[in-house]
Every structure is written in C-alpha cells, then in structure tokens.
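Listed below are the residues making up each chain.
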Amino acid sequence: MKKTDIIICGGGLVGLPLGLAAAQGGLSVVVVDTLAQRQQLEAAFDGRVSALAYASVRMLTALGVWPHLEKHAQPIREILVTDGKADGPASPFSLHFDSQEVGAPSLGHIAENRYIRAALYAALPPNLILIAPATVTRLETTASGVIAHLSTGETIEAALAVAADGRDSRLRAAQGIGVIGWSYPQTGIVATVAHERPHHGVAYEHFLPSGPFAILPMTPASSSEAVGHNKTDRSSLVWTEKTDKAPAMLALNEADFNAEVARRFGPHLGATRVVGGRWSYPLRFHLARDFVRPRFALAGDCAHGVHPIAGQGLNLGLKDAAALAETLLDAARLGRDLGALDTLKRYERWRRFDSFALAASTDALNRLFSNDIAPLRHLRDLGLGIVDAIGPARRFFMRHAGGDVGKLPRLLKGEAA
Ligand SMILES: Cc1cc2nc3c(=O)[nH]c(=O)nc-3n(C[C@H](O)[C@H](O)[C@H](O)COP(=O)(O)OP(=O)(O)OC[C@H]3O[C@@H](n4cnc5c(N)ncnc54)[C@H](O)[C@@H]3O)c2cc1C
C-alpha cells in the first residue's frame, strides 16, 4: 500500500492547486482523477474560460503556475455593466469599473480553462504524484488514517483525504454530508465569438431578462485557430438562457445561432461570428452542510456551487485550496495530526461563512436582474446609477471582484503557503 500525507480525490481546477500548495510546503501528496490529463486538455472537453480575480493571480504566481499561463491570459482593463431589454440590444452602459481607478494594471484576467489545466500540470513538483485515469471508489477511515480504494485496485493510506471531486461529489455523500441547494431554471450556454473590432480588454455584463449575458475578452486566437473576419479578436460568451428555451437555442443552425448571438451582443464590437463548439451547463446553487469530518475535508465545487453571474466559483475554490493548505502546513509545523478534527475545524470556520456569503449574494443578484418586472427594473437601474456615481462604492465592488476582502490566506497575498 502506498503511503502519503494527503490524498486529494479530484485533480480539477481546485484539487491540483491544493496539491501544489501542500507539496510545495513539504507534504507528500497524491492526487487522483477519473479522467486522463490528455482528455482534460482537449479543446472539446471544456469550452469555458475563467475570470481569475487578481488575488487568484497572486496565488497562481506564488505557486509557480502563472509563468506557464500568463501568455494565455487576457487582462481585464474595464468592466461595463448594463441592464438589457427583453428584445433588442442592451441599454446604454450604466455601471463602469476601470482598473485605473484602483491604480491596478487590470481587474483580473480571463484564461481558457484548458490552458489553466495545462499550466497546473506544467508546475507539478516531484513530491506530488498524479494518478489519472483512476477513480477513488471508497474511503475507509481507521484510527490512525484514511485508506483510499481506487478503481485500479490500488490502495493509498494518508493522514487526510480531501474531496475535490466537483459538485456531484459521491465522496461527500458517502460521508453523510448533505447539501442545501436548488437548481436555477437557467442554463449557461458557452461559446467563443470572433468580432470585427478589438475588445481593448473590456468585459461586458448585460443583464437580460433570461439571465446575465457576459462577453469576456480573450487573448488573440493563434494563427492556427481561424476566427473569421481575417482578425484574431475574440471573446468568450457566457449566455444564461431559460432552461426550457436553451435546447432550442443550442440546436439552431449556424446562421440562426449567429443571428441570436449578434442581436444580444449589440453593435459595439462590430460584426460577430461564433467559432468552435457550443457548450451548455445546467446552473445550480448548493452549499455543503459541513466542510469537514475526521480525516476528511471538502474543497471547491464539492463544497459549494454558485451562479456564474459574477465569475466567482473557481476563485472561491482557489481560496479554499489556499486556506486548507495553510491550515495543514501550520499544523504540520507544530507536529499536529493533519487529519484531526480540531485541525480541520479551523479550515471550516475560515471558509464556510465566506462561501455562504458569496453564494447568497450571487443568488440575490441573479434573482434581482433575471426578470423583466418594471418596478424591479427601475429599482436596479437606480442602484446601478448610484453605485456608478459614488467612487468609494465602485472601489468597494472592485475590491470584492478582485477577491481582496476578508481574511486572506497567505497564498492569496502572493506569499508562500
Ligand atoms: C458556465 C460557467 C462559467 C463559469 N465561469 C467562471 C468564472 O469566470 N470564474 C470562476 O471563478 N468560476 C467560474 N465558473 C465556476 C468554475 O468553473 C468551477 O467552480 C470550477 O471548475 C470548480 O472546480 P473543481 O475542481 O472544484 O471541480 P471540477 O472542475 O468539477 O473538478 C472535479 C474533478 O474531480 C474528478 N473526479 C470526480 N469524481 C472523482 C473520484 N471519485 N475520484 C477521482 N476523481 C474524481 C473529475 O474528473 C474532475 O476532474 C463557471 C462555471 C460555469 C458552469
């Protein structure tokens, strides 16, 4: 039987950074993922980009991941928020965030998930073993540790098992940890759109009655990736559509799908054309009732799922990874048991309330904006106008979007864990 300090079940966008942080701090780590690395890097596997808050960028820099990712990451210079109409393009811009106002070169970065994965793989240290493809089928807790049983027949003994196996986590359920949650009547449609005019690093969030319609600036396409218009300018589209209408939208032929996208984009980026595939994601809210058990902890989407309205799900998961790594490394320095419940409770106290606060506020934002009720429309337009007019309020929202609030783990400050 292999022995290690920590076994991480799930080597996704949260499991791998957690493994990296713990391994760089000197712990031995095994990460297991159901899917082979090659499969996770294929363009068709995940068409999404992630908006990485600047605190997350500091963490990826401290972990040595950023040098592998930087050239694929588009800085966000400005964010323009509008309240759109049921039919036709969005109303004139009503809220404007500018990185110059907070004296920062950017408000964060947009990177394709497949490049984030590739950068994480490139940074793996020798004391982290990645076993993929393999599934953790069962965890067996003993008096002195936890034994993970793998689909390959292997067993691995550790002081602690972390479930970073995503929102439908079987390992969370097997530990008897319930979730509070519900499905949104919305589906996230994702695609890449080539456009005639440059985006200048501006991200747009149009609040349409069916849900938010986000246009996120991407790095230019490489010459091998045709984007149309003989230009390389492109943005990622995250289009929240009512779930009963989404299948029909996704099934549209190319010309009709392009027409629907262009109508919602508005004219500011010139002619548009969808390139590559179309992806769709059912949207759900959930929060685990507990984040820890003896010798067991949850991180990332396994612990919480938030609406993508503010692009915060991964940022929240990276904060879990940073806080858990810091808690474990502090315990190890003091010679404490990594899997002891009092060690893990420190992590839970640190992360559960913050996760709840963010999940609840993104839920409230989605409910306030995803409708066409006239009094609510007037109220939210008034709210957007007020925030836009008051400098400190704008800067408050920019600090939140940048992940620079609350008790930050050392990694999110750019320091070693
Ligand atoms: C449309 C959309 C847009 C989004 N945009 C943003 C954004 O802009 N910014 C942002 O911060 N967040 C965003 N998010 C959220 C973000 O994508 C997720 O929060 C993030 O991917 C969660 O990562 P994870 O590692 O926790 O889970 P996952 O990515 O689900 O990874 C779980 C991993 O565990 C593996 N696994 C599962 N079970 C087992 C097992 N038993 N044994 C071994 N391995 C297992 C799986 O193969 C998988 O690789 C968005 C989400 C959606 C749906």
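**Q** In this structure, what is going on with the overall build of the chain? I would like to understand it.
**A** When helices and strands are counted, the chain shows twelve helices and 21 strands. Relative to the 2.2 N^0.38 estimate, which gives 22 Å for 417 residues, the radius of gyration of the chain is 21 Å and therefore close to what a compact globule would have. Over its C-alpha atoms, taken along the principal directions, the chain stretches across nearly 65 × 45 × 40 Å. Relative to its 417 residues, the chain shows a buried fraction of 54%. Roughly 17,100 Å² of accessible area belongs to the chain as shown, and the carbon and sulfur atoms make up 57% of that amount. Side-chain charges of the chain comprise 44 positive and 40 negative groups, with the mean position of each set lying 3 Å from the other.

**Q** Could you clarify how one ought to interpret the domain arrangement of the chain in this entry?
**A** In many analyses, interface size is given as the accessible surface area lost on bringing the parts together. Domain boundaries assigned for the chain yield domain 1 (2-72 + 115-181 + 286-370) and domain 2 (74-110 + 184-284). Computed over C-alpha atoms, the centres of domain 1 and domain 2 are 29 Å apart. Taken residue by residue, the interface counts 28 residues in domain 1 and 27 residues in domain 2. Counting every contact that joins domain 1 to domain 2 gives one salt bridge.

**Q** How should the pairing of strand β18 (residues 272-288) be read in this particular structure?
**A** Sheet faces and side chains relate simply in a regular strand, where the side chains alternate between the two faces. Bridge analysis of strand β14 (residues 179-195) against β18 gives 14 bridges, and the strand direction is antiparallel. The residue bridging T192 from the neighbouring strand is V275, located in β18. Of the pairings in the sheet, the one linking β18 to strand β21 (residues 304-305) comprises two bridges and is antiparallel in character. What sits directly across from L287, in β21, is H304.

**Q** I tried to follow the sheet that holds strand β8 (residues 109-112) on my own but got confused; where do I start?
**A** Sheet strands pair by backbone hydrogen bonding; their relative direction is either parallel or antiparallel. The antiparallel open sheet is built from three strands, whose spatial order is β4-β8-β5. A single partner strand is all that each edge strand has here, and the edge strands are β4 (49-52) and β5 (73-75). Ignoring strand direction, the axes of neighbouring strands in this sheet form an average angle of 25°. The pairing of β4 with β8 spans four bridges and is classified as antiparallel. By the bridge assignment, L52 is partnered in β8 with H109. Contacting β4 and β8, helix α5 (residues 113-122) crosses the sheet at an angle of about 85° to β8.

**Q** Can you help me understand the nonpolar core in this one?
**A** For soluble globular proteins, the rule of thumb is that nonpolar side chains tend to be buried together. If you look at the biggest cluster of nonpolar residues, it comprises 79 residues, and the most contacted ones within it are I6, L52 and L139. A203, F207, V306 and L384 belong to the second largest nonpolar core, which has 26 residues in total.

**Q** What exactly am I supposed to notice about helix α3 (residues 54-62) here?
**A** It helps to recall that an α-helix has 3.6 residues per turn; residues three or four apart then point in one direction. Looking at α3, one finds that the buried residues are Y54, A55, S56, V57, M59 and L60. The positive-phi residue at the C-terminal boundary of α3 is G64, with phi of around 80°.

**Q** Whenever I open this one, the packing of aromatic side chains confuses me. Can you help?
**A** Two measures describe an aromatic ring pair: the distance that separates the ring centres and the angle between the ring planes. Going through the model one piece at a time under the given rule, you end up with five aromatic pairs. Between W182 and F285, the aromatic rings sit 4.3 Å apart at their centres with planes inclined by 5°, giving stacked as the arrangement. Taken as a pair, W182 in strand β14 and F285 in strand β18 lie far apart in primary sequence, 103 residues in all. Judged by its relative accessible area of 4%, F285 falls in the buried class. Residues F353 and F356 carry aromatic rings whose centres are separated by 6.4 Å and whose planes lie at 45° to one another, so their mutual orientation is tilted.

**Q** Sorry if this is basic, but what is going on with the side chain of S169 here?
**A** With respect to the helices, strands and loops of the structure, S169 is situated in the loop between β13 (160-163) and α6 (170-174). Reaching out from S169, the side chain makes a polar contact with the backbone nitrogen of R172 at a distance of 2.9 Å.

**Q** Would you mind showing me how to read the packing of helix α9 (residues 313-333) against helix α10 (residues 341-369) here?
**A** How two helices sit against one another is set out by the angle between their axes and by the gap between those axes. The N-to-C vectors of α9 and α10 enclose an angle of 165°; their axes lie 9 Å apart at closest approach. Taken together, the axis directions place α9 and α10 in an arrangement best described as roughly antiparallel. The chirality of how α9 crosses α10 is right-handed. Within the contact between the two elements, α9 uses L316, K319, D320, A323, L324, E326, T327, L328, D330 and A331 and α10 uses T343, L344, R346, Y347, W350, R351, D354, S355 and L358. Broken down by class, the residue content of the contact of α9 with α10 amounts to nine nonpolar, three polar and seven charged.

Reading guide: rules and limits
- Residues numbered from 1 in each chain as written.
- Predicted model: local features only at pLDDT ≥ 70, side-chain atom pairs only at ≥ 80, totals over all residues.
- Heavy atoms only, no water.
- Helix = DSSP H or I, 4+ residues; strand = E, 2+ residues; numbered from the N terminus.
- Rg over C-alpha atoms; globule rule 2.2 N^0.38 Å.
- Buried < 20%, exposed > 50% of the residue type's maximum accessible area, 1.4 Å probe, protein only.
- Areas by Shrake-Rupley, 256 points an atom, 1.4 Å probe, with all protein chains shown as cover.
- Lys, Arg positive; Asp, Glu negative; His and termini not counted.
- Charge placed at Lys NZ, Arg CZ, Asp CG, Glu CD.
- Domains from an automatic or database assignment.
- Contact = heavy atoms within 4.5 Å.
- Salt bridge = Lys/Arg side-chain N within 4 Å of Asp/Glu carboxyl O.
- Pairing = 2+ DSSP bridges.
- Axes fitted to C-alpha atoms, helices over the stretch in contact; angles between N-to-C directions.
- Core = buried A, V, L, I, M, F, W, Y, C linked by side-chain atoms within 4.5 Å.
- Phe/Tyr/Trp six-rings, centres within 6.5 Å; stacked < 30°, edge-to-face > 60°.
- Polar contact = N/O pair within 3.5 Å; in protein donor to acceptor, adjacent residues only side chain to side chain.
- Parallel < 35°, antiparallel > 145°, perpendicular 65-115°, else oblique.
- Left-handed = near helix turned anticlockwise from the far one by under 90°.
- Nonpolar A, V, L, I, M, F, W, Y, C, P; charged D, E, K, R; others polar.

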